[in-house]
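Spelled out, the chains give:
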Amino acid sequence: MKDAQRSLFTRIMDREIPADIVYEDDQCIVINDIAPQAPVHMLVIPRKPLAKLANAGEQDKDILGHLLWVAGEVARQRGVADAFRVVINNGSGAGQTVFHLHLHVLAGTAFDEASLANAQN
Ligand code: 5GP
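Each chain has its residues counted from 1, following the order in which its sequence is written. Totals for whole chains, interfaces and linings use all residues, but because this is a predicted model, local features are given only for residues with pLDDT of at least 70 and pairs of side-chain atoms are given and counted only at 80 or more.

Peer 1: Would you take a moment to explain the overall build of the chain for this structure?
Peer 2: A run of DSSP states H or I qualifies as a helix once it reaches four residues; a run of E qualifies as a strand once it reaches two. Both are numbered from the N-terminal end. When you go through the chain residue by residue, the secondary structure sums to three helices and five strands. Buried, partly exposed and exposed are defined by the number of other C-beta atoms within 10 Å of a residue's own C-beta, namely 20 or more, between the two limits, and 12 or fewer respectively, with C-beta atoms placed from the backbone. When each of the 121 residues of the chain is scored for burial, the buried share is 21%. Sequence-distant contacts in the chain: of pairs separated by 6 or more residues, those separated by 24 or more amount to 56%. Residues are treated as contacting if the C-beta atoms built from their backbones sit within 7 Å of each other.

Quick look at the structure:
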């Protein structure tokens, strides 16, 4: 792949850009988000550079399932398995800013609507 096409997250995987890597296996890595929106905010990122969820094909179903399993696994490791949220932003209209598929794993905050509204203000 041409250098200009390699995503920020591919560069993190290739250790060109530093990040706090909390888990990795042959299919994905998990890093702590640089600008956390909750006390626990991790990003589960496939090694395959799918730009967004809507680009995933039928051949990617195993990877997508694996990413969800890893989300649960790192939540267990961080001791937040009882209450965490998994979010995928697909497309800039939905808030996606890094065009390499990733799952946000958020925990350690109240997820009721009032608390979330306060957090956004
Ligand atoms: P998106 O907005 O695409 O759904 O999420 C991208 C996420 O990547 C954001 O939560 C943002 O804080 C995070 N992020 C952007 N640049 C970096 C970086 O260089 N390192 C880490 N660890 N996270 C990043």
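Resuming the write-up.
Peer 1: Looking at this structure, I do not really get the nonpolar core. What am I missing?
Peer 2: One recurring pattern in soluble globular proteins: nonpolar side chains tend to sit buried together. By size, the foremost hydrophobic cluster in this structure holds 21 residues, and its most contacted members are Val30, Val44, Ala71 and Val105. Those elements that place two or more of their residues in this core are α1 (8-13), β2 (28-32), β3 (40-46), α2 (61-78) and β5 (103-107). What valine 105 contacts, discounting residues up to four positions off in sequence, is Met42, Val44, Ala71, Val74, Ala75, Phe84 and Val86. For this analysis, nonpolar core means a set of buried Ala, Val, Leu, Ile, Met, Phe, Trp, Tyr and Cys residues linked through C-beta atoms within 7 Å.

Peer 1: I'm lost on the sheet that holds strand β4 (residues 84-87) in this one. Help?
Peer 2: Strands in a sheet are paired, the pairing made by backbone hydrogen bonds, and the direction either parallel or antiparallel. Being paired, for any two strands, means DSSP has found at least two bridges between them. Pairing is antiparallel in the open sheet, where five strands are placed in the order β1-β2-β3-β5-β4. Both outer strands of the open sheet, β1 (21-24) and β4, are each paired with one neighbouring strand and no more. For this sheet the average axis-to-axis angle between neighbouring strands, irrespective of direction, equals 20 degrees. In this sheet, β5 lies alongside β3 in antiparallel orientation, the contact comprising five bridges. Within the sheet, the bridge partner assigned to histidine 41 lies in β5 and is leucine 106. To obtain each axis, a line is fitted to C-alpha atoms, and for helices this fit is confined to the stretch in contact; angles are then taken between N-to-C directions over 0 to 180 degrees. Against the sheet, α2 touches β1, β2, β3, β4 and β5, its axis set at about 150 degrees to β3.

Peer 1: Which parts of the structure should I look at to understand unusual backbone geometry?
Peer 2: What you tend to see is this: most non-glycine residues have negative phi, and most peptide bonds are trans. Positive phi, normally seen in glycine, also occurs at arginine 15, with a value near 65 degrees. Of note, arginine 15 is situated in the loop between α1 and β1.

Peer 1: Sorry, what's going on with α2 here?
Peer 2: Because each turn of an α-helix spans 3.6 residues, side chains separated by three or four positions end up pointing in the same direction. An ideal rise of 1.5 Å per residue puts 26 Å on 18 residues; α2 measures up with 26 Å between its terminal C-alpha atoms. Buried within α2 we find Leu67, Val70, Ala71, Val74 and Ala75. Within α2, the buried residues cover an arc of 135 degrees as seen down the axis, which keeps them to one side. Away from the buried face of α2 by more than 90 degrees, exposed residues Lys61, Asp62, Gly65, Leu68 and Arg76 are located. The elements touched by buried residues of α2 are β1, β2, β3, β4 and β5. Two residues or fewer past α2, glycine 79 is found with a positive phi of approximately 75 degrees. Every helix has an expected span of 1.5 Å times one less than the residues it contains. Think of it as the arc spanned by the lines of direction from the helix axis to the C-beta atoms.

Peer 1: Teacher, can you tell me more about the environment of proline 49 here?
Peer 2: Tracing the chain through its elements places proline 49 in the loop between β3 and α2. In this structure the C-alpha to C-alpha distance between proline 49 and glutamine 5, which are 44 residues apart in sequence, comes to 9.9 Å.

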